[in-house]
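Below, each chain spelled out in residue letters.
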Amino acid sequence: MIWDARFWTEEERLWNLLLETDPLLAEKIDRRQDTGCWVWRAGMVRSRRNKLYGKLRRPLGVPNSESKIWLAHRYVRVLLIEEFPGEFEIHHWCQRHSCCMPLHCMPLSPEEHLELEAELRAEDYFFSPPPRIPVYAGDGDDELPF
Ligand SMILES: [Zn+2]
């Protein structure tokens, strides 16, 4: 768990990249200076597990049949970091499902995600108040998760 200047350096880099690649999308995000969350402020969708996620249509400027509705946090992750092969879920370290900050969103297989959530539940993680946010997931504390 790292909560230091490296997060903010990387957050700034990703934000500038977002402004460059999709400024209209950046306008829909509330960039929080306290937690580092990028909170989605536009259309939302409720999941089967009753969680609210941001949604958006991309690409723009083409007929609807040629674009698709994305979950906002997934789209931002793919836009700024990388496309993930196969099926994956996103774990929100910040416990805020409307957050699109890629460093708060860790991709996991469905099995890994279930396992992690069970572990966190056992530790009462979900009842601890933010910002208890492990920013860089991975084996080494000095490594970025991508
Ligand atoms: Zn967040």
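Caption draft 1: Structural detail: the confidence of the model for the protein chain. Averaged over all residues, the pLDDT of the protein chain equals 82, while 79% of them reach at least 70. Across residues 134-146 the pLDDT falls below 50, and counting only partners more than four positions away or on other chains, this stretch makes 20 contacts in the model.

Caption draft 2: Up close: the sheet that holds strand β4 (residues 52-58). Spatially, three strands are ordered β3-β4-β5 in an open sheet, and the strand pairing comes out antiparallel. The sheet is open, and its two edges are formed by β3 (44-46) and β5 (68-71), each paired on a single side. When strand polarity is set aside, the average angle formed by the axes of neighbouring strands in this sheet is 45 degrees. Sheet topology places β3 next to β4; three bridges connect them, and they run antiparallel. The partner of Val-45 across the bridge, within β4, is Tyr-53.

Caption draft 3: A look at unusual backbone geometry. In this chain, Arg-58 is followed by Pro-59 through a cis amide linkage whose omega measures -5 degrees. By the element assignment, Pro-59 lies in the loop between β4 and β5. For Asn-50, which is not glycine, the phi dihedral falls at a positive 65 degrees. Topologically, Asn-50 is positioned in the loop between β3 and β4. Given 6 C-beta atoms within a 10 Å radius, Asn-50 is considered exposed. Non-glycine residue Gln-95 carries a positive phi angle of around 65 degrees. Its location among the elements puts Gln-95 in the loop between β6 (89-92) and β7 (105-108). Exposure remark for Gln-95: the 19 C-beta atoms within 10 Å place this residue in the partly exposed category.

About the thresholds
Residues numbered from 1 in each chain as written. Predicted model: local features only at pLDDT ≥ 70, side-chain atom pairs only at ≥ 80, totals over all residues. pLDDT = per-residue confidence, 0-100. Contact = placed C-beta atoms within 7 Å. Pairing = 2+ DSSP bridges. Helix = DSSP H or I, 4+ residues; strand = E, 2+ residues; numbered from the N terminus. Axes fitted to C-alpha atoms, helices over the stretch in contact; angles between N-to-C directions. Buried ≥ 20, exposed ≤ 12 C-beta atoms within 10 Å, placed from the backbone.

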